[in-house]
Amino acid sequence: MPVKDIVVLSGAGVSSESGLATFRDSGGLWEGYNVHEVASIDGWNKDPEKVLAFYNLRRKQASQAGPNAAHYFIGRLEKDYEVTVITQNVDDLHERGGSSNVIHLHGELSKARGEFDDSHIIEIGTNDINPGDKAPDGSQLRPAIVWFGEMVPLIEIAAQIVAQADLLIVIGTSLVVYPAASLVNYAKKGIPKFIIDPSTPELFSYADWIHIKQSACAGVEELEQHLIHLRNE
Ligand code: OAD
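Our subject in this report is the structure included herewith.

Some remarks on the site of the ligand
Contacts to the ligand come from 24 residues, most closely from Arg24, Thr173, Ser174, Asp197 and Ser199. Residue Ala216 places a main-chain N or O atom 2.8 Å away from a nitrogen atom belonging to the ligand. Notes on the ligand: free accessible area 800 Å², of which the protein chains cover 95%.

Things to note about the sheet that holds strand β5 (residues 102-104)
Spatially, 6 strands are ordered β5-β4-β1-β9-β10-β11 in an open sheet, and the strand pairing comes out parallel. The strands lining the two open edges of the sheet, one partner per strand, are β5 and β11 (210-212). If you compare each strand with its neighbour and ignore which way they point, the axes differ by 15° on average. Note that strand β9 (residues 167-171) and strand β10 (residues 193-196) share 4 bridges and pair parallel. The residue bridging Val170 from the neighbouring strand is Ile195, located in β10. Lying on the sheet, helix α7 (residues 155-164) is in contact with β1 (5-10), β4 (82-87), β5 and β9; it crosses β4 at an angle near 140°.

Regarding unusual backbone geometry
In this structure, the amide linkage connecting Tyr178 to the following residue, Pro179, adopts the cis form with an omega of 5°. Topologically, Pro179 is positioned in the loop between β9 and β10. Located in the positive-phi region is Leu175, a residue other than glycine, with phi close to 55°. Among the secondary structure elements, Leu175 is positioned in the loop between β9 and β10.

A closer look at the packing of aromatic side chains
Here the structure, examined in full by the defined rule, presents 4 aromatic pairs. Between Phe54 and Tyr55, the ring centres sit 4.8 Å apart and the planes meet at 85°, which makes this aromatic pair edge-to-face. With respect to burial, Phe54 and Tyr55 carry one shared label: buried. In textbook terms, an aromatic cluster arises when at least three aromatic residues are bridged by ring pairs, as seen for Tyr33, Trp44, Phe54, Tyr55 and Trp147.

Topic: the side chain of Thr173
Counting through the fold element by element, Thr173 comes out in the loop between β9 and β10. Side-chain polar atoms of Thr173 contact the side chain of Gln88, separated by 2.9 Å. At 3.1 Å, the side chain of Thr173 forms a polar contact with the backbone nitrogen of Leu175. In this view, Thr173 contacts Leu9, Ser10, Gly11, Gln88, Asp197 and Pro201; residues no more than four positions away in its chain are not counted.

Criteria and cut-off values
Residues numbered from 1 in each chain as written. Predicted model: local features only at pLDDT ≥ 70, side-chain atom pairs only at ≥ 80, totals over all residues. Heavy atoms only, no water. Near = heavy atom within 4 Å. Polar contact = N/O pair within 3.5 Å; in protein donor to acceptor, adjacent residues only side chain to side chain. Areas by Shrake-Rupley, 256 points an atom, 1.4 Å probe, with all protein chains shown as cover. Pairing = 2+ DSSP bridges. Helix = DSSP H or I, 4+ residues; strand = E, 2+ residues; numbered from the N terminus. Axes fitted to C-alpha atoms, helices over the stretch in contact; angles between N-to-C directions. Contact = heavy atoms within 4.5 Å. Phe/Tyr/Trp six-rings, centres within 6.5 Å; stacked < 30°, edge-to-face > 60°. Buried < 20%, exposed > 50% of the residue type's maximum accessible area, 1.4 Å probe, protein only.

Written as structure tokens, this is what we have:
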């Protein structure tokens, strides 16, 4: 059966060659911050100023970074396939790399919301959020990021999309954070599945996966050869 629908499941590793740090490659510290202190609802309740500072820094770094060859490659796939990118990343490098159909499972740096209401999203672009900045309901403004300890609202739709895929590409994610990691289990049986990662994510059975053990930018070149092969079959 010809491949029509491709789903790309991405994580921090795809943005690594754009200069943005991954979460787990530096011993659980992200730029010196403990991920669980700055990316959790408990961390927010304990020290909102620290969390705002962390995301202000990330927003600035992401805005100064540019898409890399892997983002562009994924963007170009749309010329030949129906492509959905399901990313755990909060940067917008997939969009800037040409992807038009991106689901941000863990939210986006360019968006904010009130502390208690996730239904009103405010576009903030590259602006900081400061203590005292208020949402329309009068509550403190916070990043529209899905933190540890919070529900992932887009997970069901993401699972449905994975279930439709004719080919699955996992790139740059350690697949240790649930429920995102569980998405691979929704893939149809027998479809081609590729993982691009220079290391071998541990909690994952690769039996029916092709592991391209390279960085994202080099890995997509090898992936391209596989896709050409599949098209000519
Ligand atoms: P991780 O930091 O857990 O995993 C990054 C993966 O990318 C690892 O498997 C690395 O081997 C791989 N990697 C590193 N450099 C790479 C490169 N140049 N090319 C390709 N792969 C590379 O990041 P995520 O899996 O995205 O959640 O983390 C998932 C979630 O945990 C994040 O969304 C975040 C975090 O805590 C929240 O903030 C809620």
